[in-house]
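Listed below are the residues making up each chain.
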Protein chains: 2
Amino acid sequence: MSMFITTVREQANDAQRAYWMPKIESWEVIGAYAQTELGHGSNVRGLELEAKWDPTQKNFILHSPTLTSSKWWNGTLGRTANHAIVVAQLLIPKSGAGQNTVYENHGPHPFIVQVRDMKTHQPLEGIVVGDIGPKYGYAPMDNAIPHSAMLSRYAQLDPDSGIYYKPKNPNVVYGSLTYVRANIVMHARLVLARAVTVAVRYLSIRRQFKDRDAAGDSVLETAVLDYPTVQIRVLPLLATAFALHYSGQAMGDLYQRTRKEIEGGDFAALADLHSTSSGLKSLCTDLAANGIETCRRAMGGHGFGGGSGLVQLNSDYLSKPTVEGDNWMITQQVARYLIKRAKEVSTNKTSSSTNSTEDNLRRYLKGDQRLAFDVLNDDTAILHAFQRRAAYLTFKVYEAREVRKESYNSLLIDFHKLSRAHSQMILVTNFHNALQSNHNMSHFLKETLKDLYRLFSLSTIENESREFYNAGAVSNEQLDGLSQKILELMKRIRPHAVPLVDAWALPDYLLDSALGRYDGRVYEDLFNRAHRLNPLNRVTFNPDYRTDEIVMGSGDGGQILSKL
Amino acid sequence: MSMFITTVREQANDAQRAYWMPKIESWEVIGAYAQTELGHGSNVRGLELEAKWDPTQKNFILHSPTLTSSKWWNGTLGRTANHAIVVAQLLIPKSGAGQNTVYENHGPHPFIVQVRDMKTHQPLEGIVVGDIGPKYGYAPMDNAIPHSAMLSRYAQLDPDSGIYYKPKNPNVVYGSLTYVRANIVMHARLVLARAVTVAVRYLSIRRQFKDRDAAGDSVLETAVLDYPTVQIRVLPLLATAFALHYSGQAMGDLYQRTRKEIEGGDFAALADLHSTSSGLKSLCTDLAANGIETCRRAMGGHGFGGGSGLVQLNSDYLSKPTVEGDNWMITQQVARYLIKRAKEVSTNKTSSSTNSTEDNLRRYLKGDQRLAFDVLNDDTAILHAFQRRAAYLTFKVYEAREVRKESYNSLLIDFHKLSRAHSQMILVTNFHNALQSNHNMSHFLKETLKDLYRLFSLSTIENESREFYNAGAVSNEQLDGLSQKILELMKRIRPHAVPLVDAWALPDYLLDSALGRYDGRVYEDLFNRAHRLNPLNRVTFNPDYRTDEIVMGSGDGGQILSKL
Ligand SMILES: Cc1cc2nc3c(=O)[nH]c(=O)nc-3n(C[C@H](O)[C@H](O)[C@H](O)COP(=O)(O)OP(=O)(O)OC[C@H]3O[C@@H](n4cnc5c(N)ncnc54)[C@H](O)[C@@H]3O)c2cc1C
Ligand SMILES: Cc1cc2nc3c(=O)[nH]c(=O)nc-3n(C[C@H](O)[C@H](O)[C@H](O)COP(=O)(O)OP(=O)(O)OC[C@H]3O[C@@H](n4cnc5c(N)ncnc54)[C@H](O)[C@@H]3O)c2cc1C
């Protein structure tokens, strides 16, 4: 529904909005967003569904010419939706008539189409919809829809003259996608916070082994969250949840600001918004999806059980790295944007920057930064190291593509690395800014948040150490000091870990986890679920494969066989 | 069943074997392995279940004193098993009598215990068993079992004198565990091969986007496996499947050889077997589990669907990094073994080595190796680089723990890194050896396998570049050349990718994947599953939440409500 309603809101003209929005808001019209086809997802220009304009009837004929043009993966379409935004190639007659018409293709455009009867909910004639298995629907085959079905805020077709007016800024069609990506970025922090809450709480309750180096025999076993090998998996994710939080917030603000400018006719910031939302969507959903699984595995056997609450969270979230732009694909969009910015600052050396990305590139070109920033001891130096690495990679890619003219595809891995580096810089920047600007925070709390900022940043540097080294952002000696520093930070954060996740106040009802209970009664809850709640334990199963009875003593062996 | 039967085979004395094995092999006795408790898994010494020897009755009293001592996660125990190997603390009276008896704890021992009636399959008196939810059972509470229940191949208790004889080599109790770990290592390659087969086949069928740099308009879209960002995720895993194959084979051989020596009373190689199986279990199950998910995500939207076949494979396999020793935990066992070896070669500088691990450490100490091996151009240099890094990390850890006496827990992360480095060296060694010894292979095939060897090794070096650099195994300049070399290797392997996975000949029936079909009819299969096979599409659901009817036209709205 969310892409559907956003598309109507952003791409429909005023008359269309006035007609559709009340119906949508009252849930009379339930809509799907039907862009992806069996054969094409990432490549939207490659969609096969055709919308041919018929100038005599003044309507569009929607037609799926091939098997691979079947709409696929369109959420809600299979069973629930009665309407859909259907994305199709807009074909307008250029010459000839009837069978001999030659069409000009104006590329993919969104149309709003009714797919099911409003009373019987049966598919309309010529439309086949259904569930695709574990996920949703496939749709229109051959259908006539009126001129008003084409959403026309930016692109228009004059029904009388048949003339097509293309949007002033071709990027506006990405508006809804940008909105959904921004939302996904804001959502990632919530999901990761759930996983981290469960892990931090359980791992501070779970005790395993006495300390090998401790004297005496009577010491309690160690809470596993005290082991550095448990900390190194979970505490950086605690820090990541905060990093995602501040950038989620910043992303929301940026979207609202840019959207207002666009509505006012100013498209200047759209490209930056599109790049930021794409890069962060890719990075943040990777961090969250991988983070859930890391938390789950860190919890040992009980993490694998239904009582952990993370099994379902994991499966639910795993679509996010793919939907709304595959995480690897969309890093190309970020790289292309950055190449343009690098070209801009390289050619217009003196003009002033329009945004912070350009600022950073200009600073790099001026070369007015110290090298080997003191990342181990200085919070601002950390930020500078991330900025330098991002700028370094930007120019490296720019030179390969624009100066040495290397082939686009041979650079894809570099594009991906660049997008990650750039987006990590954004996370670090927003985290850093939040700590600078948040003045009504207690000194104590601020020191802990600073440690989280350092832990997030330094772990990231450690994982990508060669890029930082090659960029001249850190020295070999500094890299050698990282592990020790990270160990120290984790030791300092450990005592605050439980209070920090408790402060998020995620209700037990939402967590739905025996391991993540606020009151820590983990074992009682696990036992209760197994012993009292599990309905499987009410019957005794027959393990003897030679007889037909399934439940011992039911005497129904023969009957079951006869059903086959 | 596998741990159960292995434990009886390896830990039972001859009389016990003669009694139990026929019953087990005829599936009369169905057994579980019940070691883990609600409160303890990794820490086996910390188990709470007690087996108290009663010298007057000549039997053991098994007793679970606490909630956390409930047996938990014991496969098959919940519904199917009628017997179990139960691991309990062996308590033997030392002084006093009756209530005042003082016991001596001889640590965890395996007992074979009947848990359900052989006819009615009801739990025996004093035993509560059931399913724990998404996984299995919890078991004995308070039970008397005969003296013969204690498996006594190595440890024995004289029923008359009450004297306990401990095993000559304390490590023999790990025998079954080692067997199961070796099996897991051999299994990992099969699982990864399935995922890689599906991914390589589908990604060579899937086409998306025309080449940006290609001239003309009529070119076919590019098969996505031609994109380096797809290759970099999937082709190293193709190479990994081969690496796992050769080490799986070597692991099986090592196990059989060592087992024979142990049966003959020679325990010399047991410690090495235990370390190798632990390190490889940890590394290989990580590689396979993460590899499945990487393959799944690489396939975009269709990878997320049931038709991919990887969703189920993934969930099934995800227990492996945890069971039979948590993957992070058991790296400590490898590190402890290596510290002992380092101590041995440091103190006895001139004695000859008993195995290849010691050989390698001695070579390192002698310092007779060139530094900065030519890994980009020489297959044997690659092996030497892995050996050097493993030896470097071994001595680093040895010095920290044995010389500088740093605390055990502060070194856990280093232990983990060491175990990985050591196990990666084993993978590379076995891969390298296989290429040397396999003489009846065509030149053509051997060249392709060599490329896979290089791809696996160089990708590993790239991921752990700082360790190789710090160990003096590669130079900065060599590291700079890695990405380009990896790109070239992938380009060379790409045309052979489909034939290579086809050669594994995994049947379509096993893969159960529309995307991984041998004949490549991906879209037809997806459409068939959705359109013809999906039963959901036979009814029309009612999307209107204001009415009670679920299926449109069924008229049963009122009835459903009245059932609540
Ligand atoms: C749960 C779920 C819900 C969805 N809901 C909707 C919906 O409501 N409406 C809708 O229209 N769609 C929906 N989709 C579809 C989704 O938008 C697409 O699956 C997604 O955009 C990825 O496209 P694809 O599946 O074609 O992947 P592909 O493009 O086929 O990707 C396959 C692989 O090829 C790589 N690749 C492709 N092109 C290139 C290239 N040029 N360079 C390098 N690598 C490349 C990708 O990175 C990926 O690894 C949904 C999908 C899922 C899984
Ligand atoms: C599907 C499944 C099937 C199973 N089948 C059986 C079975 O048939 N029979 C049976 O007896 N058991 C079975 N088990 C239990 C399994 O063997 C244990 O879950 C496993 O050994 C891990 O132990 P744990 O759960 O106690 O983890 P924990 O030890 O609680 O681990 C929790 C976390 O603490 C860390 N940790 C613990 N101790 C230390 C330390 N000293 N230093 C550093 N880190 C530490 C671990 O790395 C992990 O991250 C099964 C488990 C599963 C999931």
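Residues numbered from 1 in each chain as written. Chains lettered and ligands numbered in written order. Predicted model: local features only at pLDDT ≥ 70, side-chain atom pairs only at ≥ 80, totals over all residues. Heavy atoms only, no water.

## Considering the packing of helix H5 (residues 270-298) of chain A against helix H8 (residues 331-347) of chain A
Residue and element names in this part refer to chain A.
- The N-to-C vectors of H5 and H8 enclose an angle of 140°; their axes lie 8 Å apart at closest approach. Between H5 and H8, the crossing angle belongs to the class labelled oblique. For the pair H5 and H8, the crossing hand works out as left-handed. Seen from H5, the contacting residues are Ala 271, Asp 272, His 274, Ser 275, Ser 278, Gly 279 and Ser 282; seen from H8, they are Thr 331, Gln 333, Val 334 and Tyr 337.
- Partitioned by chemical class, the residues of the contact of H5 with H8 number three nonpolar, seven polar and one charged. (Axes fitted to C-alpha atoms, helices over the stretch in contact; angles between N-to-C directions. Helix = DSSP H or I, 4+ residues; strand = E, 2+ residues; numbered from the N terminus. Parallel < 35°, antiparallel > 145°, perpendicular 65-115°, else oblique. Left-handed = near helix turned anticlockwise from the far one by under 90°. Contact = heavy atoms within 4.5 Å. Nonpolar A, V, L, I, M, F, W, Y, C, P; charged D, E, K, R; others polar.)

## Some thoughts on helix H2 (residues 14-25) of chain A
All names here are of chain A.
- Here H2 contains twelve residues, and its C-alpha end-to-end distance of 16 Å stays within 8% of the 16 Å for a straight helix at 1.5 Å per residue.
- Inspection of H2 places Gln 16, Arg 17, Trp 20, Met 21 and Ile 24 among the buried residues, and these make up the whole buried set. Take H2 and look down its axis: the buried residues cluster within an arc of 110°, on one side only. Residues of H2 that are exposed and angled more than 90 degrees away from the buried face: Ala 15 and Ala 18.
- Following H2 by one or two positions, Trp 27 has its phi on the positive side, about 60°. (Expected span 1.5 Å × (residues − 1). Buried < 20%, exposed > 50% of the residue type's maximum accessible area, 1.4 Å probe, protein only. Arc of directions from axis to C-beta.)

## Side note on the site of ligand 1
- Near ligand 1 there are 33 residues, and of these A:Tyr33, A:Ser42, A:Trp73, B:Arg206 and B:Ala298 occur at the shortest range.
- Contacts to ligand 1 include A:Gln332, whose side-chain N or O atom sits 3.0 Å from a nitrogen atom.
- Taken by itself ligand 1 offers 970 Å² of open surface, and the protein chains cover 92% of this.
- For the shell around ligand 1, the elements supplying multiple residues, two or more each, are strand S1 (31-34) of chain A together with helix H4 (228-263) and helix H6 (300-304) of chain B.
- Of the residues in the shell around ligand 1, the class split is 14 nonpolar, 14 polar and five charged. (Near = heavy atom within 4 Å. Polar contact = N/O pair within 3.5 Å; in protein donor to acceptor, adjacent residues only side chain to side chain. Areas by Shrake-Rupley, 256 points an atom, 1.4 Å probe, with all protein chains shown as cover.)

## Some details on the relation of the copies chain A and chain B
- Superposition of chain A onto chain B requires a rotation of 180° combined with a translation of 0.0 Å along the rotation axis, giving an RMSD of 0.1 Å. Such a turn and shift between the copies fits a two-fold axis. Of the C-alpha atoms belonging to chain A, the one lying closest to the rotation axis is found on A:Arg466, 3.8 Å away. (Least-squares fit on C-alpha atoms with pLDDT ≥ 70 in both.)

## Quick word on the domain arrangement of chain A
Residue and element names in this part refer to chain A.
- Domain annotation of chain A identifies domain 1 (1-167), domain 2 (176-318) and domain 3 (330-343 + 375-502).
- Look at where the C-alpha atoms of domain 1 and domain 2 centre, and you get two points 37 Å apart.
- Counting residues at the interface gives nine residues for domain 1, matched by nine residues for domain 2.
- Buried area between domain 1 and domain 2, both sides added, is near 710 Å², and the carbon and sulfur share of it is 46%.
- The largest share of the area that domain 1 buries against domain 2 comes from Met 3, Glu 10 and Tyr 154, three residues that together contribute 60% of it. (Domains from an automatic or database assignment. Buried area = accessible area lost by both parts, 1.4 Å probe.)

## Some details on the UniProt feature "domain: Acyl-coenzyme A oxidase N-terminal" (unreviewed entry) in chain A
- The positions UniProt marks with the feature "domain: Acyl-coenzyme A oxidase N-terminal" (unreviewed entry) are residues 2-30 of chain A.
- A distance of 11 Å separates the end C-alpha atoms of residues 2-30 of chain A, which is 76% helix and 0% strand. (UniProt positions renumbered as here; feature names shortened; annotations may be inferred.)

## Considerations on the environment of B:Arg296
- Counting through the fold element by element, B:Arg296 comes out in helix H5 (residues 270-298).
- For B:Arg296, a relative accessible area of 3% corresponds to the buried category.
- Put simply, B:Arg296 and B:Leu511 are 215 residues apart on the chain and 13 Å apart in space, counted from C-alpha to C-alpha.
- When near neighbours in sequence (up to four residues on either side) are disregarded, B:Arg296 contacts A:Leu318, B:Gly303, B:Phe304, B:Leu310, B:Val311 and B:Asn314.

## Observations regarding the site of ligand 2
- In the vicinity of ligand 2 there are 34 residues, among which A:Arg206, A:Ala298, B:Tyr33, B:Ser42 and B:Trp73 approach most closely.
- Chain contributions to the surroundings of ligand 2 come from chains A and B.
- Separating an oxygen atom of ligand 2 from a side-chain N or O atom of A:Arg206 is a distance of 2.6 Å.
- A total of 980 Å² of accessible area belongs to ligand 2 in isolation, and the protein chains cover 92% of it.
- Elements represented by at least two residues in the shell around ligand 2 include exactly helix H4 (228-263) and helix H6 (300-304) of chain A together with strand S1 (31-34) of chain B.
- Tallied by class, the residues present in the shell around ligand 2 amount to 14 nonpolar, 15 polar and five charged.

## Some thoughts on the pairing of strand S3 (residues 59-63) of chain B
Residues and elements named next belong to chain B.
- As defined by bridge partners, strand S2 (residues 50-54) adjoins S3 across five bridges and the pair is classed as antiparallel. Bridged to Asp 54 within S3 is Asn 59.
- Adjacent in sequence and paired antiparallel, S2 and S3 are bridged by four residues, among which Lys 58 carries a positive phi angle near 55°. (Pairing = 2+ DSSP bridges.)

## Focus on unusual backbone geometry
Residues and elements named next belong to chain A.
- Even without a glycine there, the phi angle at Trp 27 is positive, about 60°.
- Mapped onto the elements, Trp 27 comes out in the loop between H2 and S1.
- You can call Trp 27 partly exposed: its relative accessible area is 43%.

## Some words on the pattern of salt bridges
- According to the stated counting rule, one finds 57 salt bridges over all chains in the structure shown.
- Measuring nitrogen to oxygen at the nearest pair gives 2.9 Å for the salt bridge that ties A:Asp525 to A:Arg529. Of the two residues, A:Asp525 and A:Arg529 both sit in helix H16 (residues 522-533), four residues apart, roughly one turn of that helix.
- You can call A:Arg529 partly exposed: its relative accessible area is 25%.
- The closest approach of N and O atoms between B:Glu358 and B:Arg362, which form a salt bridge, is 3.5 Å. Of the two residues, B:Glu358 and B:Arg362 both sit in helix H9 (residues 356-366), four residues apart, roughly one turn of that helix. Across the pair, exposure class does not vary: B:Glu358 and B:Arg362 are buried alike. (Salt bridge = Lys/Arg side-chain N within 4 Å of Asp/Glu carboxyl O.)

## Overview of the confidence of the model for chain A
Residue and element names in this part refer to chain A.
- Considering every residue of chain A, the mean pLDDT works out to 89; 93% of them sit at 70 or more.
- Residue range residues 135-141 is modelled with pLDDT below 50. Its contacts to residues more than four positions away, or to other chains, number 45 contacts.
- If you check the scores for this complex, the pTM reads 0.93 and the ipTM reads 0.93. (pLDDT = per-residue confidence, 0-100.)

## Examining the packing of aromatic side chains
- Applying the stated criterion to the full structure yields 26 aromatic pairs over all chains.
- Each ring, one from B:Phe242 and one from B:Trp504, has its centre 5.4 Å from the other, and the planes form 45°; the classification is tilted. One end of the pair, B:Phe242, is in helix H4; the other, B:Trp504, is in helix H14 (residues 476-504), with 262 residues separating them in the sequence.
- Residue class for B:Phe242 comes out buried when judged on its relative accessible area of 10%.
- For B:Trp504, a relative accessible area of 24% corresponds to the partly exposed category.
- Within the aromatic cluster, the residues linked to one another by ring pairs are A:Trp53, A:Phe60 and A:Phe111.
- Positioned above the aromatic ring of A:Tyr19 is the side chain of A:Lys23, whose terminal nitrogen or guanidinium carbon lies 4.8 Å from the ring centre. (Phe/Tyr/Trp six-rings, centres within 6.5 Å; stacked < 30°, edge-to-face > 60°. Lys NZ or Arg CZ within 6 Å of the ring centre and 35° of its normal.)

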